Amino acid sequence: LVDACEVPLEIMRQCVQVIESCVFLGCHGSVLAVSDAGAGAVLAKAALLAASLNVRINIGSMDDEARAAAYREQMEDLIAAGSALADDVYADVVERLG
């Protein structure tokens with residue numbers, strides 16, 4: 001179960017990095033590609049949430065409650081950070097596109 005949590009948590013970390021890249025591209029990239037930054041953020045958020053489901057199912061089966069709690073905290077922190085960034089990128093793109 002540890003490996004079954006570690007892998008999707010790493011995927012979640014990578015998703016947050018993708019969203020961070022979308023923030024940068026939305027602010028500093030080509031005006032013609034701003035919609036691509038928004039789409040990337042939305043899709044990375046979806047992948048972030050999908051990976052979290054794998055963490056959730058596996059921590060539910062763990063006997064080690066402390067480890068499960070630590071994984072839950074990591075998962076929730078990544079969801080909070082990534083979702084907020086992705087939502088900001090999407091809102092900014094919508095506003096810029098009119």
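For the structure, see preceding data.
Residues numbered from 1 in each chain as written. Predicted model: local features only at pLDDT ≥ 70, side-chain atom pairs only at ≥ 80, totals over all residues. Heavy atoms only, no water.

S.K.: Tell me about the environment of Ser83, and name the residues and values.
M.R.: The topology assignment puts Ser83 in helix α3 (residues 65–97). C-alpha of Ser83 to C-alpha of Ser21: the two residues are 62 residues apart in sequence and 14 Å apart in space. What Ser83 contacts, discounting residues up to four positions off in sequence, is Lys45, Leu48, Leu49 and Leu78. (Helix = DSSP H or I, 4+ residues; strand = E, 2+ residues; numbered from the N terminus. Contact = heavy atoms within 4.5 Å.)

S.K.: Describe a nonpolar patch on the surface, and please don't skip the residues or the numbers.
M.R.: Residues Val42, Tyr90 and Val94 make up a contiguous nonpolar surface patch of roughly 260 Å² in combined accessible area. By the secondary structure assignment, Val94 is in helix α3. (Patch = residues over 30% accessible without salt bridge, like charges linked within 9 Å, V, L, I, M, F, W, Y side chains within 5 Å. Areas by Shrake-Rupley, 256 points an atom, 1.4 Å probe, with all protein chains shown as cover. Salt bridge = Lys/Arg side-chain N within 4 Å of Asp/Glu carboxyl O.)

S.K.: Tell me about the nonpolar core, and name the residues and values.
M.R.: Of all hydrophobic cores here, the largest spans 15 residues; its most connected members are Leu9, Met12, Val55, Ile59 and Tyr71. Once residues lying within four places of it in the same chain are set aside, the contact partners of Leu9 are Val55, Tyr71, Gln74, Met75 and Leu78. (Core = buried A, V, L, I, M, F, W, Y, C linked by side-chain atoms within 4.5 Å. Buried < 20%, exposed > 50% of the residue type's maximum accessible area, 1.4 Å probe, protein only.)

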